[in-house]
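Analysis of the macromolecular model
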Amino acid sequence: MTSNSKSNRRTFAIISHPDAGKTTLTEKLLLQGGAIHLAGEVKARGQARRARSDWMKIEQQRGISVTSSVMTFERDGITFNLLDTPGHEDFSEDTYRTLTAVDSAIMVIDAAKGIEPQTRKLFEVCRLRSVPIITFVNKVDREGRPLFELLDEIADMLALDVSPQMYPVGMGGQFEGILDYATGAIARPEGPSKEFKGKRDENAVVPEQFAEEAELARIGYPEFDLEAYRNGDLTPVYFGSALKNFGVTELIDAIAKFAPPPRPQPAGEEQISPDHDEVTGFIFKVQANMDPNHRDRIAFMRQVSGTFKRGMKLTPSGLGKPIAIHSPILFFAQDRELADTAEAGDIIGIPNHGTLRVGDTLSENNKIRFTGLPNFAPEILRRVQLKDPTKTKQLRKALDDLSEEGVIQVFYPELGANHIVGVVGQLQLEVLISRLSAEYKVEAALEAAPFATARWVKGSDEALQQFENFNRANLAKDRDGDMVFLAKSPWDVGYQEEKNPDLKFSATKER
Ligand code: GDP
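Let me begin by describing the structure that accompanies this report. Values in this document were obtained by computation on a predicted structure and should not be read as measured data.

Topic: the site of the ligand
- What surrounds the ligand is a group of 16 residues, the closest being Gly21, Lys22, Thr23, Thr24 and Leu243.
- Per-element tally for the shell around the ligand: the top contributor is helix α1 (residues 22–32), with three residues.
- Of the residues assigned to the shell around the ligand, the class counts are four nonpolar, seven polar and five charged.

See below:
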């Protein structure tokens, strides 16, 4: 890849509620894009070729599954990096952080269900960083909710302008095809059984019974505006069926055409642009070994600038001295064995033994620090109860490690000896208990803590001191030693905010 490749990378994620069709859509995107990580039916053919490559060896030797973390495919000269957001019922901070490493997102909505809770949560995370969103209304092959109802729901619930780019002609049983407003053509499912192979009908006329609605949908909503989309104020809406592979090509084309190339990333007061000479990046995810006999980890770096070359030395901000990156896992190259460079927007997997932490900046000159990779206020807080009290030290070490990895957040209360762990999803707690036992030989239980959420508190020394004097029982330090207010309820947060106008209570903390 040569110099202007920064403009041909599209690094994005798919956000959705479970069952909306993210997995199915991912598979279809990969297939249509002549994927490198081949999905589903063509897996066997790709297996032999992949087996030789470095990352596959790493997977086999160390039992680390990195396959689905980043999926890269190319189409018409554009390289797409699709970052996987784990699709559990539950949230993890992993999911949130992955969204800090993308330049845009596709929001998949089930046509019969509309905006669901998890879609909404993930959307809010995107909004925090003004990540632009393309909406894909999926499952139009089935009976869905009325079109206007869906469009209005997206607009109202997310406070976002919607701009339909297509019109599904008769969703569900009456489905005729999809009208593309830009070309006026209708893509039709083929054949008597309405198999969704898709055929373009250039001089299409929308059947009478739908014509008026199609026109109303077009004129009733804002026109597409590239700038508004890229600012995160407007979402273009596409319709299709991931299952029947319908509307997926249009969606890829939309990402290629509209989704932003790698964006500058904030580093304090500065913005580091992809053109910046030096190689820089930040770690947004650390995946630990599933095999307890090894302590190897893969850190995922989102490259922000420069041209990375295999063997290059980069300095992690958390370490302060350079490390040579000899066996990077490069996800983008068509032929993995030859992959030895990467560009801004690409993801590099770096095998390490715990030297790299989520939030670390890597750079050649060790001068830049990326900011804005947040910790999120936990929504579930638990007290850690040791079964064997002689293991206090091991527990502390384990909690520190696991919080560095981003599995949990740990809080050390000012009063009382028990550590408090905070997570945003139940699943993280299960992972915590099993890893404590398997990797640290620490048996622990989690007890309810009388706190509902936490806020980082900032202010002048004097104001903080005063606050501390009155609220010691509700205060803790996080692993960086910063003050955290453990609140009994959301109401409690509001009350303290009102009572302490000089202090700032924040639900996220940037590293
Ligand atoms: P995820 O949980 O979001 O990854 O959803 P999946 O991709 O696993 O899909 C959930 C279910 O919906 C599966 O049974 C899919 O076969 C089905 N599904 C996905 N896309 C479509 C679609 O376009 N039409 C229909 N009818 N079913 C779909």
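So that's the structure; there's more coming.
Some words on the sheet that holds strand β27 (residues 444–448)
- The strand order across the open sheet built from eight strands is β27-β24-β26-β25-β29-β30-β28-β31, with neighbouring strands paired in antiparallel fashion. What marks the edges here is a single partner per strand, and that holds for β27 and β31 (504–506). Going across the sheet, the axis of each strand differs from the next one's by a mean of 40°, ignoring polarity.
- Direction of pairing for strand β28 (residues 453–458) relative to strand β30 (residues 483–487): antiparallel, over a ladder of four bridges. Bridge pairing in β30 links Arg455 to Phe485.

Quick notes on the sheet that holds strand β4 (residues 104–110)
- What the seven strands build is an open sheet, ordered β2-β3-β1-β4-β5-β11-β6; its pairing is mixed. Bordering the open sheet on either side are β2 (70–75) and β6 (161–164), each of which pairs with just one other strand. The sheet shows a mean angle of 30° between the axes of neighbouring strands, taken without regard to direction.
- Relative to strand β5 (residues 133–138), β4 runs parallel, the two sharing six bridges. Counted as the bridge partner of Ile109 is Val137 from β5.
- Most of the contacts of helix α9 (residues 248–258) go to strand β11 (residues 234–239), to which it runs at about 155°, and overall it touches β1 (9–16), β2, β3 (78–83), β4, β5 and β11.

Thresholds, definitions, all that
Residues numbered from 1 in each chain as written. Predicted model: local features only at pLDDT ≥ 70, side-chain atom pairs only at ≥ 80, totals over all residues. Near = placed C-beta within 6 Å. Helix = DSSP H or I, 4+ residues; strand = E, 2+ residues; numbered from the N terminus. Nonpolar A, V, L, I, M, F, W, Y, C, P; charged D, E, K, R; others polar. Pairing = 2+ DSSP bridges. Axes fitted to C-alpha atoms, helices over the stretch in contact; angles between N-to-C directions. Contact = placed C-beta atoms within 7 Å.

So yeah, pure geometry; function would need other evidence.
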